[in-house]
Amino acid sequence: MMQCGWSLLGPLQWIRYVNKQVMVKAGNDEEHRGWLLTVDPVSASLVLVTFGEEGRASVQVVMGHAVEEVQVLQEADEETTRRLQTSFLPARTCGLDPEELRRRRAGVQRWLEKNRVPVEEEGDQLRVAGVLTLAAPYGPEDCCSSNQIILDRIQKLIQNLVQSPYYPD
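Residues numbered from 1 in each chain as written. Predicted model: local features only at pLDDT ≥ 70, side-chain atom pairs only at ≥ 80, totals over all residues. Heavy atoms only, no water.

Q: Looking at this structure, I do not really get the side chain of T80. What am I missing?
A: When you line up the elements, T80 lands in helix α3 (residues 78-86). What makes T80 buried here is its relative accessible area of 13%. Contacts of T80, omitting those with residues within four sequence positions, involve W35 and F51. (Helix = DSSP H or I, 4+ residues; strand = E, 2+ residues; numbered from the N terminus. Buried < 20%, exposed > 50% of the residue type's maximum accessible area, 1.4 Å probe, protein only. Contact = heavy atoms within 4.5 Å.)

Q: Hey, could you run me through a nonpolar patch on the surface in this one?
A: On the surface, V59, V61, M63 and F88 cluster together to form a nonpolar patch covering roughly 370 Å² of accessible area. One can find V59 in strand β5 (residues 57-62). Judged by relative accessible area, V59 falls into the partly exposed class, the value being 46%. (Patch = residues over 30% accessible without salt bridge, like charges linked within 9 Å, V, L, I, M, F, W, Y side chains within 5 Å. Areas by Shrake-Rupley, 256 points an atom, 1.4 Å probe, with all protein chains shown as cover. Salt bridge = Lys/Arg side-chain N within 4 Å of Asp/Glu carboxyl O.)

Q: Explain the side chain of H32 here, please?
A: With respect to the helices and strands, the residue H32 is situated in strand β3 (residues 30-39). Only 3.0 Å separates the side chain of H32 from the side chain of E30, close enough to count as a polar contact. Among all residues touching H32, those that are not within four sequence positions of it are V22, M23, V24, A26, L48, Q60 and V62. (Polar contact = N/O pair within 3.5 Å; in protein donor to acceptor, adjacent residues only side chain to side chain.)

Q: I would appreciate a short explanation of the nonpolar core in the present structure.
A: Nonpolar side chains in soluble globular proteins tend to be buried together. The biggest cluster of nonpolar side chains holds 17 residues, and the ones touching the most others in it are V108, L112, V128, L132, L134, C143 and I154. Taken together, the elements giving at least two residues each to this core come down to α5 (98-114), β8 (125-128), β9 (132-134) and α6 (148-163). Top contributing element to this core by residue count: α6, with five residues. For V128, the residues in contact, after removing those within four places along its chain, are L112, V117, P118, V119 and I154. One finds W14, V24, A44 and L48 within the second-largest nonpolar core, a separate group that totals 15 residues. (Core = buried A, V, L, I, M, F, W, Y, C linked by side-chain atoms within 4.5 Å.)

Q: Mind showing me how you'd approach the sheet that holds strand β10 (residues 143-144) here?
A: Strand-to-strand pairing in sheets goes through backbone hydrogen bonds, with the strands running parallel or antiparallel. Strand order across the open sheet formed by four strands is β7-β8-β9-β10, with antiparallel pairing between neighbours. For this open sheet the edge positions go to β7 (119-122) and β10, each flanked by a neighbour on one side alone. The pairing of β8 with β9 spans three bridges and is classified as antiparallel. By the bridge assignment for β9, V128 is matched with L132. Across the sheet, α5 lies against β7, β8 and β9, angled at about 155° from β7, the strand it touches most. (Pairing = 2+ DSSP bridges. Axes fitted to C-alpha atoms, helices over the stretch in contact; angles between N-to-C directions.)

Q: Got a minute to help me understand the pairing of strand β2 (residues 20-26) in this structure?
A: Strand residues, when the strand is regular, have side chains that alternate between the two faces of the sheet. Counting buried residues in β2 gives five out of seven residues, a clear majority hidden from the surface. Here β2 runs beside strand β6 (residues 67-75); their pairing, made up of seven bridges, is antiparallel. Counted as the bridge partner of V22 is V72 from β6. Here six bridges tie β2 to β3, and the two strands are oriented antiparallel to one another. Of the residues in β3, the one forming a bridge with V24 is H32. Counted along the chain from β2 to the antiparallel partner β3, the turn is three residues long, and its residue N28 has a positive phi close to 60°.

Q: What should I look at first to understand the packing of α5 against α6 in this one?
A: For any two helices packed against each other, the geometry is given by the interaxial angle and the distance between the axes. Contact pair α5 / α6: the axes reach a minimum separation of 10 Å and the direction vectors enclose 115°. Seen along the crossing, α5 lies across α6 with a hand that is right-handed. Here G107, V108, W111 and L112 of α5 lie close against α6, whose contacting residues are I154, L157, I158, N160 and L161. Split by residue class, the contact of α5 with α6 holds seven nonpolar, two polar and no charged. (Left-handed = near helix turned anticlockwise from the far one by under 90°. Nonpolar A, V, L, I, M, F, W, Y, C, P; charged D, E, K, R; others polar.)

Okay, here's the thing in structure tokens:
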């Protein structure tokens with residue numbers, strides 16, 4: 001049990017509470033219970049997850065400055081740890097097998113090369129023009145770049161591929 005000074009503990013101490021069911025006492029005699037998913041390293045705020053019916057998860061953030069006490073109620077079993085780690089991943093990524101992802105990656109790479117866009121593989125991602133990364137499942141929304149112009153153009157190219165009959169579903 002940790003009393004007062006939560007924000008003073010720091011990340012090396014907070015990590016001991018992650019993936020555990022906790023009870024948090026905060027200002028105004030408030031009590032919050034849930035599985036501790038993470039702690040914000042800047043504000044010391046806790047992100048608590050509770051699992052409801054049909055596998056749905058709800059999230060509650062307890063602001064770090066209001067935390068008075070954190071008590072571990074239960075250690076997470078393997079299934080709970082897996083649920084905590086996968087609850088916030090996009091559902092469609094979880095359902096695709098590695099072979100399907102490989103086909104999609106290859107199809108997108110061929111499409112970009114056909115459109116004279118420099119692209120290379122970097123592990124499971126595609127690196128486009130050295131300034132954009134494209135992660136699984138390789139749709140327009142899976143692009144990441146700080147160059148807004150290139151981001152927009154590549155997303156439009158991939159959108160055209162996705163809408164074509166040649167895109168592997």
